[in-house]
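Commentary on secondary and tertiary structure
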Amino acid sequence: MKIRIAFCIIFFASLVSANKEKVVSHHEHRANSAHEHGSGEFNVVLAEKTLSVELHTPAESLVGFEHKAKSDNDKKKVSDIYKKLKDEQNVLMMPSSANCKLAKFEVEGEIFEDIPGLNVVSEEHEHGDHQDGHSDIEVRYVFECTNVANLKGMKVSLFKTLKNLKRLKVQTVINDKQNSADLLNETQPLPGF
Ligand SMILES: [Zn+2]
């Protein structure tokens, strides 16, 4: 919970020029975000040299199942995708010249629970995180970059990493500018970058 609030504070603190209505509607959108297989939300916030990235999607997008991993086979699947996602190049095509270093990586969701070696934030059990056998995941990154100007043209590589992912609702905030777009493949640029 703390982390999500912290992220929201960063996210909304960046919306210097945004009006109140916009902020409220974004909150409502998050609270009502539907559990839709093949779809995910991707939030990218650049504030000076800090790049924060958050992915929210059904667990199905990652491993094809949504229950807590019990068999060794399922646990391996979860561990493997965790390692893949921890490598930022599998998420964003980040130019090396931007010199971004991963400062924080954490995940949240039932499928990650009880698997050793993962940085898992305990689940909130709220608004659709787990219903009727379905469950969502969140993956969060914080990068510190020394040359943010070189992030220009950055694209999303998640579609190659997560074969079940077909559509990403992307919101970005670059300093105080907000952009959004629905991305369907890795050739479309990240809005605003
Ligand atoms: Zn589901």
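Residues numbered from 1 in each chain as written. Predicted model: local features only at pLDDT ≥ 70, side-chain atom pairs only at ≥ 80, totals over all residues.

Some remarks on helix 4 (residues 72–86)
Taking 1.5 Å per residue, 15 residues should reach 21 Å; helix 4 reaches 21 Å between its end C-alpha atoms and fits that length. Against helix 3 (60–63), strand 4 (100–108) and strand 7 (134–145) lie the buried residues of helix 4. (Helix = DSSP H or I, 4+ residues; strand = E, 2+ residues; numbered from the N terminus. Expected span 1.5 Å × (residues − 1). Contact = placed C-beta atoms within 7 Å.)

Considering the pairing of strand 10 (residues 177–183)
Residues in a regular strand project their side chains so that they alternate between the two faces of the sheet. As defined by bridge partners, strand 9 (residues 167–174) adjoins strand 10 across seven bridges and the pair is classed as antiparallel. Following the sheet pairing, Ile174 is matched in strand 10 by Lys177. The antiparallel pairing of strand 9 with strand 10 creates a hairpin that spans two residues between the two strands, and Asn175 there sits at a positive phi of about 50 degrees. (Pairing = 2+ DSSP bridges.)

Some thoughts on the nonpolar core
By size, the foremost hydrophobic cluster in this structure holds 40 residues, and its most contacted members are Val78, Ile111, Val156 and Leu168. Of all elements in the fold, only strand 1 (39–47), strand 2 (50–58), helix 3, helix 4, strand 4, strand 7 and strand 9 reach the threshold of two or more residues within this core. Among the elements that make up this core, the one with the highest residue count is strand 7 (six residues). Contacts of Leu168, omitting those with residues within four sequence positions, involve Gly40, Phe42, Val156, Leu158 and Leu183. (Core = buried A, V, L, I, M, F, W, Y, C linked by C-beta atoms within 7 Å. Buried ≥ 20, exposed ≤ 12 C-beta atoms within 10 Å, placed from the backbone.)

Describing the pairing of strand 7
The element strand 7 is extensively covered by neighbouring structure, given that 10 of its 12 residues are classed as buried. Sheet analysis places strand 4 next to strand 7, joined by eight bridges and oriented antiparallel. Following the sheet pairing, Glu106 is matched in strand 7 by Arg140.

Re unusual backbone geometry
Even without being a glycine, Glu48 presents a positive backbone phi close to 55 degrees. Mapping Glu48 onto the fold places it in the loop between strand 1 and strand 2. In this structure, Asp114 is a non-glycine residue whose phi angle is positive, near 65 degrees. Note on placement: Asp114 falls in the loop between strand 4 and strand 5 (120–121).

Quick notes on the environment of Ala149
Positionally, Ala149 belongs in the loop between strand 7 and strand 8 (155–156). Ala149 sits in the exposed class, given 8 other C-beta atoms within 10 Å. Taking the C-alpha atoms as reference points, Ala149 and Phe193, separated by 44 residues in sequence, lie 9.4 Å from one another.

Points about the confidence of the model for the protein chain
Parts of the prediction with low pLDDT should not have their coordinates interpreted in detail. For the protein chain, per-residue confidence averages 84 on the pLDDT scale, and residues scoring 70 or more make up 78% of the total. For the stretch residues 12–32, pLDDT sits under 50, and the model shows 15 contacts to residues farther than four places along the chain or on other chains. (pLDDT = per-residue confidence, 0-100.)

As for the environment of Glu144
Within the secondary structure, Glu144 sits in strand 7. On the basis of neighbour counts, which here come to 15 C-beta atoms within 10 Å, the residue Glu144 falls in the partly exposed class. Note: C-alpha distance between Glu144 and Asn99 (45 residues apart in sequence) is 8.2 Å. Among residues more than four places away in sequence, those in contact with Glu144 are Lys49, Thr50, Cys100, Lys101 and Ala103.

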